[in-house]
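Here are the chains, one letter per residue:
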Amino acid sequence: MFDALHINDLTLFRSSLIDSFNHIDHAFSTRLGGVSPELYTSLNLGMNVGDKDDNVIRNRDLFLKSINASQKQLACGVQVHGNRVQRVENPGLFDSTDGLITHTKNIILAIKTADCVPVLLYDPGHHVLAVVHAGWRSVKQGILPKSVNIMSSEYGAKPNEIYCAIGPSIRSCCYEVQRDVADQFPVDSIIRNNDRLFMDLVKVIKSQLRALGLLPENIDDSKYCTCCHDELFFSYRRDGAQSGRMMMAAVLH
Ligand SMILES: [Zn+2]
């Protein structure tokens, strides 16, 4: 279950499943709060989408403060819809990276999204955290098995002890795809509506995670569609290239 939190002018979401553990903080941003003007109203956390850098820096400060963190601790990938997963022991900006893993305390792992699926993976017993930017290309390229395998092989994580939160993302109600994309995914993840095809990417992600050994009850899905909820979320599909970006951020303590 996801809970909405109102901190100052910001509205954030947290997974109650992940929040039940003591040594991790996390949050999923919404567009509410912050200082960006139209078209980015108002908590745009993405650089290079047309908003002023100063606004983004101010917004990131506001958001990270909500999890008692600062930008100096931020580890982010330059996201390219690939399957590169980096082990991170220091803050910084990591080239061509859609997945980040750490067991180091006080480093904020962050993923920026505006429709793609933000996935948080956490093994509390082995104190290892991963964040994944899971768009269809990355999912197709196996970024989730790769992340879980690194958590296991490098940090001793056990898939049946990994807890997962799946944040707001575009859902099958709005995610129309062309046949060339649909054909790359299991038929049970494609919904046909007259001549149109819609993909349930979260279903693909959950089934990959279960196949890796994660327990269904350890997967917490926000169920929010970014494209349906204009009042809460940015959506690339709905708003185009100038859409703002949300952030999923998580930190070990
Ligand atoms: Zn929708």
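Provided above is the structure to which this section pertains.
None of the values given here were measured: they were computed from a predicted structure.

A. Spatial organisation of the side chain of S29. With respect to the helices, strands and loops of the structure, S29 is situated in strand β3 (residues 24-29). Engagement of the side chain of S29 in a polar contact is seen with the backbone nitrogen of M247, the distance being 2.8 Å. Those residues in contact with S29, other than ones at most four positions away along the chain, are T11, L12, L43, L45, F63, M246 and M247.

B. Fine view of the coordination of the zinc ion. Distances from the zinc ion to its protein donors, C173 (SG), C174 (SG), C225 (SG) and C228 (SG), fall at 2.3 Å. Taken together, the 4 donor atoms coordinating the zinc ion and their angles of 103 to 117° define a geometry best described as tetrahedral. Read from N- to C-terminus, the donor residues coordinating the zinc ion fall into the pattern C-C-x50-C-x2-C. You can see C173 sitting in the loop between β11 (163-166) and β12 (176-177) and its partner C225 sitting in the loop between β15 (219-221) and α7 (236-239), a full 52 residues away along the chain. Overall, the relative accessible area of 46% leaves C173 in the partly exposed class. On the basis of relative accessible area, C225 is assigned to the buried category, the value being 4%.

C. The nonpolar core, seen in detail. In terms of nonpolar packing, the biggest core is built from 40 residues, with V119, L121, F185, M199, L201, I205 and L209 touching the most fellow members. Looking at this core, the elements that each hand over two or more residues are β9 (117-123), β10 (128-134), α3 (136-140), α4 (143-155), β11, α5 (179-182), β14 (196-199) and α6 (201-212). Take this core: its biggest share by element is 6 residues, from α4. Ignoring any residue separated from it by four or fewer positions in sequence, one finds F185 in contact with W136, V139, K140, I190, M199, L201 and V204.

Reading guide: rules and limits
Residues numbered from 1 in each chain as written. Predicted model: local features only at pLDDT ≥ 70, side-chain atom pairs only at ≥ 80, totals over all residues. Heavy atoms only, no water. Helix = DSSP H or I, 4+ residues; strand = E, 2+ residues; numbered from the N terminus. Polar contact = N/O pair within 3.5 Å; in protein donor to acceptor, adjacent residues only side chain to side chain. Contact = heavy atoms within 4.5 Å. Donors = N, O, S within 2.8 Å, 3.2 Å for Na, K, Ca; no water. Tetrahedral: all angles 85-135°; square planar, octahedral: opposite > 155°, others 65-115°. Buried < 20%, exposed > 50% of the residue type's maximum accessible area, 1.4 Å probe, protein only. Core = buried A, V, L, I, M, F, W, Y, C linked by side-chain atoms within 4.5 Å.

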